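Breakdown of the fold
In case you want the letters, here they are:
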Number of protein chains: 2
Amino acid sequence: MNGAEALLKTLCDNGVEACFANPGTSEMQMVAALDREPRMRPVLCLFEGVATGAADGYGRMAGAPACTLLHLGPGLSNGSANLHNARRAGTPIVNLVGDHATYHQANDAPLASDIHSLARPVSLWCKEARTADKLAPLAAEAVAASAGPPGGVATLIVPADAAWAETATNGPILHRRSPPIAADKTIEAIAAKFRAAKKPVVLMGSPALTEAGLSAASRLSAAGARVIMDTFVARLPRGAGRFAPDRMLYFGEMALADLAGVDLMVLAGTTKPVAFFAYPAMPTVLVPEGCAVETLAPAHEDAALALSRLADAIGAPLVGPVQGYHAGAPPKGELNAYAVGDALSRHLPENAVVSDDAVTAGLPIYMQTRGAKPHDWLMLTGGAIGQGIPVAIGAAVAAPDRKVVSLNGDGAGAYTAQGLWTIAREDLDVTVVVFANHAYRILNLEFARTGAGRPGAQSRKLLELADPRIDWVSLAKGFGLPAVRCTDGQSLDKALARSLGQSGPQLIEVALSA
Amino acid sequence: MNGAEALLKTLCDNGVEACFANPGTSEMQMVAALDREPRMRPVLCLFEGVATGAADGYGRMAGAPACTLLHLGPGLSNGSANLHNARRAGTPIVNLVGDHATYHQANDAPLASDIHSLARPVSLWCKEARTADKLAPLAAEAVAASAGPPGGVATLIVPADAAWAETATNGPILHRRSPPIAADKTIEAIAAKFRAAKKPVVLMGSPALTEAGLSAASRLSAAGARVIMDTFVARLPRGAGRFAPDRMLYFGEMALADLAGVDLMVLAGTTKPVAFFAYPAMPTVLVPEGCAVETLAPAHEDAALALSRLADAIGAPLVGPVQGYHAGAPPKGELNAYAVGDALSRHLPENAVVSDDAVTAGLPIYMQTRGAKPHDWLMLTGGAIGQGIPVAIGAAVAAPDRKVVSLNGDGAGAYTAQGLWTIAREDLDVTVVVFANHAYRILNLEFARTGAGRPGAQSRKLLELADPRIDWVSLAKGFGLPAVRCTDGQSLDKALARSLGQSGPQLIEVALSA
């Protein structure tokens, strides 16, 4: 057994069963070892950002890590933006990065670089296996570190000689740690403040947004709390039959206006809310003046249980409000984001998974699908666009019996369009929707906020995507995916009905009229 | 004047006149400032790896830096692999990375990350402008640092508040530093060793490979030295009328066999040669036993002048051998890399620029075009594939009167295919050639070297690109570029004749038969 074989065996023993990969020479022993480990499913991605985003989508849906397989520093760099998103989502990922043989590292060959420095900003755990004997034990440690709580990216650097040398050392099978539970006195103290508050708000982050967490939040809502969640969360179970928290507003001044008068903010699985960006003379910490902030459960604790105990402590009703089923009207004529949301709400099948990288089109679609059949919504947690297609790949691999819908702005989709090829190759049940407004629409809004007036000739060149227009139907065809273009509400409604009513991959280009 | 305006003015004052960009909100003040600085040409790239690769191509051709404009840590990460290549090429680049406002950084908003840690491995200089007053002076310092010698990537981190705050401080206009010159005694000592050597070799790196450096090397060749260059160099003037150094062989054991008996290795603008990768029981330092190694000029010194002085010191003839003009035969039938090289050697116009990311197809094409009309060849210096299209963009912007040919393996081309859109939008005079063998052919070779025998079902999934085959003509169309597919030698010969004989962008998919 060589190090690569021990590594793969230990990963599979610990439940890591999918490998999103773009390997090179320094990873070739691990590629060869795959032929002797049938439990691991290798999924080739044409670019590392697709691989890491897919691992993120997989982890969000499976609740267990997939692994990546990346080629030295540059391969890690290419995957780093979607690892950043995964870090913000708290997604468990075992991030395998090959490196030069240990004795070749000092030679500073062309592909050498400081992998640790590149990995640290996106990893909660980062180690290098300097020998074959250390590889499998560190792999087990990486799985455990990635699972947390809190979960995140565990980067294991694998020098080529650690992979090719012989070893007799497998890694242990590690059992999952349960998250810690809040102390009784914490619950009681916050319950007392809650009872005394005039306008309490509960703010939920990703770890709190399980079905149990939402049920507890619903009870708190029935007891008079307003329940809000972070603007961008890893995974939200939503739709008919589920409690629907409000969403923290994106622009800081609007969020603060929305929170006016709030005198208590209880944090569950999140931290004090801050603005996405700073702007001149605008607030960045989104807590109203005079509002007390109490942490019920930090990200590594069991936030759902804490919410339930808080509901008990304040004597909340046993059951709170849930969202009713409500599909939108069939869209007609003009094809804007609201019409897309209406069509999606009509045809989204039960248990569907939505990967949302739709940027400006995202919020209207999110709002219009609130009453659709129950589904999961995966959001862009770290602000690095280009995760909509990759995350959909991973979600589809993790949940092969669920329809996955990938929503993408055209600017965002162009980042990782290579992912379409992996969807075609693996025949994943994914409907990719691309919203073609031929602009970085969000940046046109942001430009206005600079106070610079209207964009001139030079700045427009960096804000508009027209000239030439990207033809997404041709792109999809180039990557082996069937595709259609919709230019009005009726045709989109039909296309979604057809694509979501059957199995298999497809791309729909939505020619937005506004 | 705000910080962004001062920054742009100082960059333009110092000769930085192209900005390859994919900005976001935190860079919006710099985007707005472009409307008031007509000397700077903004070029939008749909992905940051295209922007940084384009800046690399620009710097290699212009000999002066372009700037980038990247969006915080994730934008930098997306551009990092091609910055790695640029670092290895020694290309001057002013790498502008926006960040959150200084007072917002501690809030750890979703897009926050440790930009310094991400930047350091690819930068020879990395600073952050914490105030508007520091922005323009640091911009001037960044230009100077990037220019070197030795040249490289200077990363300037620009917090949003430094860009939007008012300032009266412009940066100075800095004059270029000349590279230091070797001491007389160094030249004399090496000349003595050269005269005493039985089998001397001169090894040239990127900084030595100017026309002057090649002329001097030609004289040393006439005086009995064998002249070799590094396997991958930033830019090589070559073709008819130029001296043609040999190329260090890629695989270490072959390189050492090729160097057998060499007793003196003189380094000009490079360091001791090492293998690209380590393999079990294979050499990594490519110097034969008993061979003395002497550094004539390290990368930051004037290597061409040192070669010329060495030639004088040993009494070399005033003129040495040069390559004659020799075009290949018109290719017929089977379409392999040699046939492509023959066709290219026939139609490559004088002063063309070749951006080579062709991987396994690259060496045969390189060999077959040795006798073409004089041209420049830009290579993959850092081993991070996906630079062929981006580097071509930058070369075409820097040298608008020269035809640019971009050679890409299909695996490499899929990394940064979004660059096709920028070629179309800017109407650049680039012919993009993609070699479709539907495999990571190089990795099939490397797999064989692991000793694992033939790839099995699982490993083949990571080595083959078929199923589905990428249709590059459709991809090109999707990004707005006219394209043709060639399946035999005659049709490729015609397509190259047509595309290289006229101006404007085009893609040619070459269906390799072997």
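Okay, so let's go over this structure. (Residues numbered from 1 in each chain as written. Chains lettered and ligands numbered in written order. Predicted model: local features only at pLDDT ≥ 70, side-chain atom pairs only at ≥ 80, totals over all residues.)

Across its full length, chain A carries 20 helices and 18 strands. Across its three principal directions, the C-alpha atoms of chain A cover 65 × 60 × 45 Å. When the 514 residues of chain A are sorted by exposure, 65% land in the buried category. Residue pairs at least 24 apart in sequence account for 81% of intrachain contacts in chain A once pairs closer than 6 positions are excluded. (Helix = DSSP H or I, 4+ residues; strand = E, 2+ residues; numbered from the N terminus. Buried ≥ 20, exposed ≤ 12 C-beta atoms within 10 Å, placed from the backbone. Contact = placed C-beta atoms within 7 Å.)

This part covers the pairing of strand β13 (residues 353-357) of chain A. Residue and element names in this part refer to chain A. The element β13 is extensively covered by neighbouring structure, given that five of its five residues are classed as buried. The side-chain alternation of β13 yields two buried faces, one formed by V353, S355 and D357 and the other by V354 and D356. By the bridge criterion, three bridges tie β13 to strand β14 (residues 375-378) in an arrangement that is parallel. Across the sheet, the residue bridging to S355 is L378, located in β14. Crossover handedness for the path β13 to helix α13 (residues 362-368) to β14: right-handed. (Pairing = 2+ DSSP bridges. Right-handed = clockwise from strand over helix to strand, strands pointing away.)

This brings us to the relation of the copies chain B and chain A. Mapping chain B onto chain A leaves a residual RMSD of 0.0 Å; the transformation is a rotation of 180 degrees accompanied by 0.0 Å of translation along its axis. The superposition operator between the copies reduces to a two-fold rotation axis. Interface residue correspondence from chain B to chain A reaches 100%, placing this contact among same-surface, isologous pairings. (Least-squares fit on C-alpha atoms with pLDDT ≥ 70 in both.)

This next bit is on the sheet that holds strand β5 (residues 125-128) of chain A. Residues and elements named next belong to chain A. One open sheet accounts for six strands, arranged β2-β1-β3-β4-β6-β5; its pairing is parallel. In the strand order of this sheet, the two ends are held by β2 (41-44) and β5, each with one partner. Within this sheet the neighbouring strands show an average axis-to-axis angle of 20 degrees, counted without direction. Relative to strand β3 (residues 66-71), strand β1 (residues 18-21) runs parallel, the two being bridged by three bridges. Bridge assignment links F20 to a residue of β3, and that residue is T68. (Axes fitted to C-alpha atoms, helices over the stretch in contact; angles between N-to-C directions.)

Now for the interface of chain B and chain A. If you look at the interface, chain B gives 78 residues, while chain A gives 79 residues. Element by element, the count of residues in the side of chain B that touches chain A is highest for helix α4 (residues 72-89) of chain B, at eight residues. For the side of chain B that touches chain A, a count of residues per class yields 42 nonpolar, 26 polar and 10 charged. (Nonpolar A, V, L, I, M, F, W, Y, C, P; charged D, E, K, R; others polar.)

Don't take any of this as a statement about function, it's just geometry.
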